[in-house]
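Chain and residue survey
One-letter residues, chain by chain:
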Amino acid sequence: MSYAQKEEMLLKDTYTNNLMELVNEAGESLGTVNSLTALFDESGVVNDDGETVFVCGDAGVGKSMLIQKMQNLWATEEFFEDVKFLFRFRCRTFCCFKKHESICLKDLLFIFNCYPDQDPEEVFRFILQFPHTVFFTFDGFDEIQSDFDQNSIPEVSSPFCFTHPLGLLMHLLSGKLLQGSKKILTARTGTEVSRKVIRKKIQLKGFSPENLQKYTRLFFKDQMFQKLVFNHLEANPSLCSLCSIPLFCWIIFKSFEHFHFINDSEQLPDCSVTLTDIFLLITEVFLDRSVKTNLVRKGTRSQTETFKSGKEILLSLGRVAHHGIEKSLYIFEQDEINSLGVSKKDLQLGFLRTSQEYRTRALDSTYEFFHVTLQSFLAALFLIISDHISTKELLKFFSLCTDGEISHVGIFPFSCLRQNQVRDRSPFQNNEHLQFTNLFLCGLLSKTKQRLLQYLVLPLVIKKKRRALREYLTNTVKSYLRNLPHAKFGLYKWVQAKPQFVWMLRCIYETQSEKVGRLAAKNLCANYIKLTFCNACSADCSAMSFVMYHFQKQLALDLDNNNINDYGVKELVPCFSKLVVVRLSVNQVTDNGVKVLSEELKKYKIITFLGLYKNQITDIGAKYVASVIEECSSLTCVKIGCNRITMEGGKSLAHAVQKSRTILDVGMWGNKIGDEGAKAFADALKNHPSLTNLSLACNSISTDGGRSIAEALQQNTSVRIFWLTENELNDEAAESFAEMLKVNSTLRHLWLIQNKITIKGAMCLREALKENTQISEICLNGNLLEEAQFSLLEDEARIICF
Ligand SMILES: Nc1ncnc2c1ncn2[C@@H]1O[C@H](COP(=O)(O)OP(=O)(O)OP(=O)(O)O)[C@@H](O)[C@H]1O
């Protein structure tokens, strides 16, 4: 039995909830998904005709584990009681068919998946008759590498027709075959899937800090171990950031466990940790298995010795990995493995594991790397340590990725992720394995890894390869950054970066070269960096900091709609001294992250805009934000809507606003401050010198709160726009607003949409407008007015009812 198999833990002993976010077609968050059954409910449906639940996420984030967990719950009858058949496919299975091969649905199910215990004809008939009793999982749509022409799939398909298996897959996903069956499809982020087939889209975001704690407890049963690991994590945010991706977390924990076992020391890096570092660690763990356990246990072997003695193993495995990466092959047959020089013993170490899918095709044994990222790592290592690789070949994968974003830059290394925009691209094309290979090349050829590598390859050869990579990187970073499209936006020179920008930062970070970091900062000809919807995770913040730290001037950083979380905030600490705009909306930031943020922002007091909309901030975090408002006089705009702020937090924020002489704009939409919170804001409004825009929309404010606000506005000459949409304001409140309008001449827009105002309240407002020529609009849509009553308000165009 191989180590990989021995190590496989039972799912129930290891599975930890993963953060799942429901998103719309534009990728905007529609909220979190709290249970696996909720994946199939009606919330967040983007297309009623679509049949497939689409789950996307980064490499190693846990898509396959999620599928496995569902299968497990179904098998133990905790999930989907109405489902009688579950067919679990890995999409890479569909690549092993020849172009002209065709099969029928029954064969796909029974030959290439699972042969039924009972009469297959009868079972198939049942499936056709009751498709809703069938559940399909298709894992890894991104792994399909094919030049298969989707247009050649016949429009209508009968379940008895013979067609290419990919055609069957597309028909199943769209519901042309077995309409009504449950289907879940997973793919890496950025993989293109036809909108027509998607019913709901879910993004997997990895472990939250809470999940990570649970996983740690599951992984290390011993409490002493747990404590040690918690201490390590606490001391090293860079490690925590990596641990939010479950695969990397597993690698880190596995290495920790191993080193602790062999020499009572943890040997984990204790400052900046790169992906290359952790893949070197797991490689060392696997290589240690090639040596007799008692020798390893003495703990006398250094990392260099381990790699030196494992050189031949690394070369042969690297050859296989490289061969696969070149051809987008992830599964290897025994013959292939043998011919590339991997011995039987090497197969046992854990790098490779037997691949189950192919057994159904009655092949001998087939193998795959325990994860595709490891394959990329070994391929990169091979490119460096093999004597036969020229510098041209070393850089081949960089130039293999064509750019779809900046056409005049031409071939650029960091463009592979941007798949959606590349025209005429096969929907099945995926280059992430190349991106990772490039990234590991940068890491392995970094200065800090030289000592290790010199035992594997002649120093002269490394030097030559290093120089080639450095030159290439320098040129491309320069030209890429200079050619990024810019726009002028007030004081700012603005750039909207794309996901490949994140990849570029990742590569720069792997080099750990201050020089390259400085070069990137110097060539970034913008001071407003918009990295929204770039799928940046907390670990990417280390990379951002690495570059932005070198930025000479003040900088605006917009990271809205990513996956940053509290660890990411910690990683940004080195660059807060430069940041005047910090936008972290929709990023799972909790009170802990806000605490760090407030401490840092108050050190430099240069912040002007703080965006924290749609995070997980409670009253505790609201207090931290309040202290920033109080202490940072440059702060003019705070967006903290859609968090978990109640009366207490509302009061803290209102008091801070009251004290601030400079704040202009406060967005509180979608919290729950209630009447008491509203009263505190009312106090703040009286004679406020600067506040012009305030949103207390959707905050459970009723008559009392409304009345206080209206009265306070009589003594306010700063507010121009006030949003009170989606509250519980009634006619009594409306009457107070009417009184206020007779006095206030500053307010321009009053939004009272979706409240409980009837025609009575509306008429009061209409009357008041006779004495107010300044206000532009009062929006009353969605109140308790009947359509027939609209005509009574017709003569006042500034009252908007529909
Ligand atoms: N929910 C989870 N609980 C515990 N461990 C997990 C979880 N999700 C992932 N892991 C760990 O991370 C490893 C990689 O996860 P998985 O293969 O599911 O990632 P993936 O998203 O399918 O990656 P890829 O896109 O590269 O195929 C697993 O083998 C497991 O060790």
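Given the structure is predicted, the values throughout are model-derived calculations rather than measurements.

Our next topic: the overall build of the chain. When its secondary structure is counted, the chain shows 33 helices and 23 strands. Going through the 802 residues of the chain one by one, you find that 61% of them count as buried. Across the chain, every contact between residues at least 6 apart in sequence was considered, and the portion connecting residues at least 24 apart equals 78%.

So, about the packing of aromatic side chains. The geometry of two aromatic rings is summed up by the distance between their centres and the angle between their planes. Under the criterion given, the structure shown has 32 aromatic pairs. Between the aromatic rings of Tyr 215 and Phe 253, the centroid separation amounts to 5.7 Å while the plane-to-plane angle is 15°, which identifies the pairing as stacked. One end of the pair, Tyr 215, is in helix H7 (residues 209–219); the other, Phe 253, is in helix H10 (residues 246–263), with 38 residues separating them in the sequence. There is no split in this pair, since Tyr 215 and Phe 253 are both buried. Residues Phe 248 and Phe 279 carry aromatic rings whose centres are separated by 6.1 Å and whose planes lie at 75° to one another, so their mutual orientation is edge-to-face. Of the two residues, Phe 248 sits in helix H10 while Phe 279 sits in helix H11 (residues 275–288), which places them 31 residues apart along the sequence. The same class applies to Phe 248 as to Phe 279, namely buried. Its guanidinium or amino end placed over the ring of Tyr 549, Lys 578 lies 5.3 Å from that ring's centre, counting from NZ or CZ.

Another point: the site of the ligand. Looking at the ligand, there are 18 residues lining it, with Thr 16, Lys 63, Ser 64, Arg 188 and His 371 nearest. Contact distances for the ligand include 3.3 Å between an oxygen atom and a backbone N or O atom of Val 61. Take Arg 188: an N or O atom from its side chain is 2.7 Å from an oxygen atom of the ligand. Taking 630 Å² as the accessible area of the ligand by itself, protein coverage stands at 87%. The set of elements that each furnish at least two residues to the shell around the ligand consists of helix H3 (63–75) and H10. Split into classes, the residues belonging to the shell around the ligand amount to 9 nonpolar, 6 polar and 3 charged. Shared between two domains, the shell around the ligand takes at least three residues from each, and those domains are domain 1 (20–204) and domain 2 (209–305).

Running from N to C, helix H28 (residues 619–631) and helix H29 (residues 647–659) cross one another at 0°; their axes reach a closest spacing of 8 Å. Comparing their axes, H29 and H28 come out roughly parallel. Contact residues: H28 offers Asp 619, Ala 622, Lys 623, Val 625, Ala 626, Ile 629 and Glu 630, while H29 offers Glu 648, Gly 649, Ser 652, Leu 653, Ala 656, Val 657 and Lys 659. Looking at the contact of H28 with H29, its residues break down into 7 nonpolar, 2 polar and 5 charged.

Both faces of the sheet carry side chains from a regular strand, because those side chains alternate between them. In terms of burial, strand E15 (residues 579–583) is largely enclosed, as 4 of its 5 residues are buried. The pairing of strand E14 (residues 555–558) with E15 spans 4 bridges and is parallel. Bridge pairing links Leu 557 to Val 582 in E15. The handedness of the E14 to E15 crossover, carried by helix H26 (residues 565–571), is right-handed. Here E15 pairs with strand E16 (residues 609–611) via 3 bridges, running parallel. Considered in E16, the bridge of Arg 583 is made with Gly 611. On the question of chirality, the crossover connecting E15 to the parallel E16 by way of helix H27 (residues 591–604) is right-handed.

So, on to helix H24 (residues 514–523). For H24, the full list of buried residues reads Val 516, Gly 517, Leu 519, Ala 520, Ala 521 and Asn 523. Considering only its buried residues, H24 is in contact with helix H22 (459–483), helix H23 (499–511) and helix H25 (538–548).

As enumerated under the stated definition, the model contains 34 salt bridges in all. A salt bridge links Asp 683 to Lys 686; the shortest N-O distance between them is 3.6 Å. For Asp 683, a relative accessible area of 38% puts it in the partly exposed group. Where salt bridges share partners, they join Glu 676, Lys 679, Asp 704, Arg 707 and Glu 732 into one cluster.

Taking 1.5 Å as the rise per residue, helix H14 (residues 311–327) with 17 residues should run 24 Å; its terminal C-alpha atoms sit 24 Å apart, in good agreement. For H14, the full list of buried residues reads Ile 313, Leu 314, Leu 315, Ser 316, Leu 317, Gly 318, Val 320, Ala 321, His 322, Gly 324 and Ile 325. Immediately downstream of H14, the backbone of Ser 328 shows phi near 55°, a positive value.

Here we take up the packing of H7 against helix H8 (residues 223–235). Close contact between H7 and H8 brings their axes to 9 Å; oriented N to C, the two are set at 145°. Taken as a pair, H7 and H8 cross one another with a handedness that is right-handed. Two secondary-structure elements touch here, H7 through Leu 212, Gln 213, Thr 216 and Arg 217 and H8 through Gln 226, Val 229, Phe 230 and Leu 233. Of the residues that constitute the contact of H7 with H8, the class distribution is 4 nonpolar, 3 polar and 1 charged.

This brings us to the sheet that holds strand E1 (residues 20–23). Within a sheet, neighbouring strands are paired by backbone hydrogen bonds and run either parallel or antiparallel to one another. The strand order E2-E1-E7-E3-E6-E5-E4 describes an open sheet built from 7 strands, whose pairing is mixed. Only two strands of the sheet have a single partner each, and these edge strands are strand E2 (29–32) and strand E4 (85–90). Neighbour to neighbour, the strand axes of the sheet diverge by 20° on average, direction disregarded. Packed on one face of the sheet, helix H6 (residues 165–174) meets strand E3 (52–57), strand E5 (134–139) and strand E6 (182–188) and runs near 125° to E5.

Our next topic: the nonpolar core. Counting residues in each nonpolar core, the largest one holds 221 residues, and the members touching the most others are Phe 253, Phe 501, Phe 722 and Phe 737. Beyond its immediate chain neighbours, meaning those up to four positions away, Phe 253 contacts Leu 212, Tyr 215, Thr 216, Phe 219, Phe 220, Val 229, Leu 233 and Cys 243. Membership of the second largest hydrophobic core comes to 36 residues, among which are Cys 96, Ile 127, Leu 172 and Ile 198.

With that out of the way, let us pick up the sheet that holds strand E9 (residues 352–354). One open sheet holds the 3 strands; their spatial order is E8-E10-E9, and the pairing between them is antiparallel. Edge strands, defined here as strands with exactly one partner in the open sheet, are strand E8 (332–333) and E9. One ladder, built from 3 bridges, connects E9 with strand E10 (residues 366–369); its direction is antiparallel. Counterpart to Thr 354 in the pairing with E10 is Tyr 367.

All right, on to the pairing of E3 then. Across the 6 residues that make up E3, a large majority, 6, are buried. A two-sided burial pattern is seen for E3, the buried positions comprising Thr 52, Phe 54 and Cys 56 on one face and Val 53, Val 55 and Gly 57 on the other. Relative to E6, E3 is paired through 6 bridges, and the arrangement is parallel. From the neighbouring strand, Val 55 faces E6, where its bridge partner is Thr 186.

Along the polypeptide, Ala 521 turns up in helix H24. For the pair Ala 521 and Lys 478, spaced 43 residues apart in sequence, the C-alpha separation works out to 9.8 Å.

About the cut-offs
- Along every chain, residues carry numbers that run from 1 in the direction the sequence is written.
- Only residues with pLDDT of 70 or above have their local features reported here, since the model is predicted, and side-chain atom pairs are shown and tallied only from 80 upward, although totals for entire chains, interfaces and linings are computed over all residues.
- Remark: hydrogens and water are excluded; side-chain values derive from all non-hydrogen atoms of the structure.
- Think of it this way: any DSSP run of H or I at least four residues long counts as a helix, any run of E at least two long counts as a strand, and we number them from the N terminus.
- Relative accessibility decides the category of a residue: with a 1.4 Å probe and only protein chains considered, values under 20% of the type maximum give buried, values over 50% give exposed, and everything between is partly exposed.
- By the convention used here, residues are in contact when the closest approach between their heavy atoms is within 4.5 Å.
- Pairing of aromatic side chains here covers Phe, Tyr and the six-membered ring of Trp, requires ring centres within 6.5 Å, and sorts the geometry by plane angle: under 30 degrees stacked, over 60 edge-to-face, intermediate tilted.
- Put simply, a charge is over a ring when the Lys NZ or the Arg CZ is close to the ring centre, within 6 Å, and near the line of the ring normal, within 35 degrees.
- Residues are counted as near a molecule or strand when any one of their heavy atoms sits within 4 Å of it.
- Contacts described as polar in this section are N or O atom pairs within 3.5 Å, which, within protein, must combine one atom able to donate a hydrogen with one able to accept it, while residues neighboring in sequence count only if both atoms come from side chains.
- Areas reported here follow the Shrake-Rupley algorithm with a probe of radius 1.4 Å; residue values treat only the protein chains shown as occluding.
- Gly falls in the polar group here, along with every residue not listed as nonpolar (Ala, Val, Leu, Ile, Met, Phe, Trp, Tyr, Cys, Pro) or charged (Asp, Glu, Lys, Arg).
- Throughout, the edges of the domains are those of an automatic or database domain assignment.
- Between N-to-C directions, angles cover 0 to 180 degrees, with each direction set by a line fitted to C-alpha atoms, over the stretch in contact for helices.
- Any angle that falls under 35 degrees is termed roughly parallel, while one over 145 is termed roughly antiparallel, one within 65 to 115 roughly perpendicular, and all others oblique.
- Here, any two strands with at least 2 DSSP bridges between them count as paired.
- With its strands directed away from the observer, a crossover is right-handed exactly when the path from the first strand over the helix to the second travels clockwise.
- We define a salt bridge as a contact between a side-chain nitrogen of Lys or Arg and a carboxyl oxygen of Asp or Glu at a distance within 4 Å.
- Any helix carries an expected span of 1.5 Å times its number of residues minus one.
- Left-handed describes a crossing in which the near helix is turned anticlockwise from the far one by less than a right angle; the clockwise case is right-handed.
- Only buried residues count toward a nonpolar core, which is a set of Ala, Val, Leu, Ile, Met, Phe, Trp, Tyr and Cys residues joined through side-chain atoms within 4.5 Å.

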